[in-house]
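What the coordinates show
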Amino acid sequence: MAKRVLVVGGAGYIGSHCCRLLEDRGDEVVVFDDLSTGHRGAVRSELIVGDIRDPAALRAALRGRGFDAVMHFAARAMVGESMVRPSLYFALNVGGTANLLDAMRDADVPAIVFSSTCAIYGAPQTQPVDETHPKGPLSPYGLSKLQVEQMLETCRALEGLRASSLRYFNAAGAHPDGSLGESHDPETHLIPLALAAAMGARPPLEVFGDDYDTPDGTCIRDYVHVMDLASAHALAMDAMLAGSPGGAWNLGSERGHSVLQVLESVARVTGRPVPHRIAPRRAGDPPALYASSALIRAELGWTPQRRDLDGIIETAWRWARSPRW
Ligand code: UDP
């Protein structure tokens, strides 16, 4: 049966892909977004422009509308910014989510899927990282996401809220039809920067360190396709609406790729070499970070469809050549 879903932060990169997946399978979507980093053009459904720091706006959006569930993507998500403005991260990511949970309770909305991150683990002590790995965020951004997970667990235990946290590794790629994609300002992520460098639209890519203890000396990350992230959200929501209390799961491809391997893949896909130079390490980057996603495969039957790096980058390339915003 079609679900009614409020997607908070649904104009952003991952949220907009989730909205598309829900709409394509017949669910009714309403987006709540302040458009601070999201894009109006990414929203096909009803859009409520509002800020999660405004409790009245959230109550008005939720009350009396018969939502089955909330998906929550709205957050500031830049590690570097969080190091210089931690209070913003606590006010928005943590305080805003507290407002959302209270408004959900007020409106009797029983379930939430929350956009969490591998940054809650901090420096990995074992690889691949599974859900039992110790939590030790290294930035206010990671801490804000961990604090929200703890709020969700508490509301699940004490209020009967159904809550699922999905811990993304490196979200990548774009909608395969080319109608949605990644557009950050400023752009800091490797794949869009490498594609722009290959097109000559940006200066040569800076490779942040080639002296790590990895096979080619560059950092290893786990790139997971944004539509595979979207399908996990739908599975988590469906499980909760069928009676599950929810849970917390990693979302990765279980494969690591180095920065240089990403540049080689970009060159294969675009047919153009990626101009680059070796730059100093970026503060806070662990040498390698990749996930075990065995738990969500076993518990929710998640099966990522786009695990091949070239295939992921092909979708990002289609978007990079003709972005709509
Ligand atoms: N990276 C890089 N040059 C860039 C941007 C990123 O070498 O201009 C590296 C970064 O050090 C990391 C990987 O690419 O090892 C992925 O970085 P990104 O910022 O895309 O995601 P993160 O892993 O920080 O979430």
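Only a predicted model underlies this, so the values are computations on that prediction, with no experimental measurement involved.

Each value, and the rule that gives it
- Residues numbered from 1 in each chain as written.
- Predicted model: local features only at pLDDT ≥ 70, side-chain atom pairs only at ≥ 80, totals over all residues.
- Heavy atoms only, no water.
- Phe/Tyr/Trp six-rings, centres within 6.5 Å; stacked < 30°, edge-to-face > 60°.
- Helix = DSSP H or I, 4+ residues; strand = E, 2+ residues; numbered from the N terminus.
- Buried < 20%, exposed > 50% of the residue type's maximum accessible area, 1.4 Å probe, protein only.
- Lys NZ or Arg CZ within 6 Å of the ring centre and 35° of its normal.
- Polar contact = N/O pair within 3.5 Å; in protein donor to acceptor, adjacent residues only side chain to side chain.
- Contact = heavy atoms within 4.5 Å.
- Near = heavy atom within 4 Å.
- Areas by Shrake-Rupley, 256 points an atom, 1.4 Å probe, with all protein chains shown as cover.
- Nonpolar A, V, L, I, M, F, W, Y, C, P; charged D, E, K, R; others polar.

1. Describing the packing of aromatic side chains
Under the defined criterion, the tally for this structure stands at 2 aromatic pairs. On the basis of an interplanar angle of 85 degrees and a centroid distance of 6.4 Å, the ring pair of Y89 and Y141 is categorised as edge-to-face. Remark: Y141 occurs in helix α5 (residues 140–159) and Y89 occurs in helix α4 (residues 86–106); sequence separation between them is 52 residues. Both residues of the pair, Y89 and Y141, count as buried. Over the face of the ring belonging to F67 we find R4, whose NZ or CZ atom lies 5.2 Å from the ring centre. In this structure, R281 is placed above the aromatic ring of Y212, and the distance from its NZ or CZ to the ring centre is 4.0 Å.

2. A word on the side chain of T315
You can see T315 is positioned in helix α10 (residues 309–321). Relative accessible area serves as the criterion here: at 3%, T315 is assigned to the buried category. A distance of 3.1 Å separates a polar atom in the side chain of T315 from the backbone nitrogen of A174. With residues near it in sequence (within four places) discarded, T315 still touches G173, A174, P176, H225 and R306.

3. Some details on the site of the ligand
Not every one of the 15 residues close to the ligand is listed here, only the nearest: L190, E206, F208, R282 and D285. Take E206: an N or O atom from its main chain is 2.6 Å from a nitrogen atom of the ligand. Between the ligand and D285 there is a distance of 2.6 Å, counted from an oxygen atom to a side-chain nitrogen or oxygen. Protein burial of the ligand: of its 510 Å² of free accessible surface, 85% is covered by the chains. Sorting the residues of the shell around the ligand by element identifies α6 (190–199) and β8 (205–208) as the ones contributing at least two each. Among the elements that make up the shell around the ligand, the one with the highest residue count is β8 (4 residues). Taken together, the residues that form the shell around the ligand break down as 8 nonpolar, 3 polar and 4 charged.

So far we have only geometry, and geometry alone does not tell us how the molecule works.
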